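Coordinate analysis (summary)
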Amino acid sequence: MDDRPIGVFDSGIGGLSCVAPLKKLLPGEKILFFGDTARVPYGSKSDATIISYSLQIADYLAGQGAKALVIACNTISAVAIGAIRGAYPDIPVVGIVEPAARRTAELLRGGKKAGLIATRATVNNGAYRKAVKAVLPGAELPAMACPLFVPIVEEGLADSDIARLTASHYLDVFVRDNGLDTLVLGCTHYPFLADTLRSVFPELDLVDPAECLAEEAARVLDEKDLLAELGANADKPDVFYASAISGAFTETVDAVTGGADYDILQHHF
Ligand code: DGL
C-alpha cells in the first residue's frame, strides 16, 4: 500500500479525458495532473522537443512525490516513453499506446476494419502499428494524422461547424477508401470530439483508449503493491496543473471531476 499520488500528464487538455476512467478504476488514488497548455501541441513538434518537454513534466511530477507516472498522451507514449523510463528506473511509467494497441489488435482479430487517427508525431512514429503487429503479425492499421483537432479542442470548439468541417476534411476519403467501420482515437484530445465525429460519421464505432490506460495503470500499481488504501486520500483534493490556465482547461477539469474537490494551479517551465 502506498498513499502517494499518481502523476498523470499530457501536452494539454486531452489527458483530462483519461481522468474519469482512472478515478473509476482507482478510486483510492490522489491524482496530480499536468497539462502543458502553454506549449501544446506536441504532435507537430520534433521528437527531440517532445522528449525534452516530457522529461521536464516527469521531473516536476516526480519532484512532487508521484509514485507512478501515467502518460495520458499518445504522442508522449509513442515518442518519449523510453526516455522517461530510462530517466526514472525506480518509478513505474504507464503509457497509453501499448494497452490501446492490444485492444486494437483484438478488434482487428474479431474482423473489424479499424483505422487509427492520431497526431502527426504518433502516426509517423509507427508505435501503434508496431505494437499491433507484435500481437497480430500481418495486421493492417491505416492511420491518418489530424493535427487541427488538438487546437480545436484547446480552444473549446469541439462542438462547432469548424470541428465538423475539419473532421470531413481529414476523414471522408480516409474512411471511404479504407472501408473502415471503426476509428481508434489515438490522441487523448479526440474523445472530446466524439459527438462531432459521430454526427459526421454515424456508421463508425469509436474506440477511446482511456479505459485501456486505466486498466493498465490499475494492473501495474497492483502488481508493484503501490495501490493507495481506500479512503486514505479522501480528504486530499486532486491537483490539476497547467502551464497556462485557460477557460477551456478550467471548464474541462470541472466537467471530468464530477463534483469532487480539486485544485487548479499554474506551473510553467
Ligand atoms: N493529447 C496528445 C495525444 O494523445 C497530444 C496532442 C498534441 O499535443 O499534439 O497524442
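Residues numbered from 1 in each chain as written. Predicted model: local features only at pLDDT ≥ 70, side-chain atom pairs only at ≥ 80, totals over all residues. Heavy atoms only, no water.

1. Here we look at helix α4 (residues 97-109)
Here α4 is 13 residues long and its end C-alpha atoms lie 18 Å apart, about the 18 Å a rise of 1.5 Å per residue gives. Taken as a whole, α4 has its buried residues at Val97, Pro99, Ala100, Ala101, Thr104, Ala105, Leu107 and Leu108. Next to the buried residues of α4 lie α3 (74-87), β5 (114-118), α6 (127-135), β7 (182-185), β8 (205-207) and α10 (210-223). Positive backbone phi, approximately 95°, marks Gly111, located one or two places after α4. (Helix = DSSP H or I, 4+ residues; strand = E, 2+ residues; numbered from the N terminus. Expected span 1.5 Å × (residues − 1). Buried < 20%, exposed > 50% of the residue type's maximum accessible area, 1.4 Å probe, protein only. Contact = heavy atoms within 4.5 Å.)

2. Remarks on the packing of α4 against α10
For the pair α4 and α10, the least separation of the axes is 8 Å and the interaxial angle reads 120°. Judged by the angle between their axes, α4 and α10 are oblique. As for how α4 packs across α10, the hand of that crossing is right-handed. Contacts from Pro99, Ala100, Arg102 and Arg103 of α4 reach α10 at Cys212, Leu213 and Glu216. Its residues assigned to classes, the contact of α4 with α10 comprises 4 nonpolar, no polar and 3 charged. (Axes fitted to C-alpha atoms, helices over the stretch in contact; angles between N-to-C directions. Parallel < 35°, antiparallel > 145°, perpendicular 65-115°, else oblique. Left-handed = near helix turned anticlockwise from the far one by under 90°. Nonpolar A, V, L, I, M, F, W, Y, C, P; charged D, E, K, R; others polar.)

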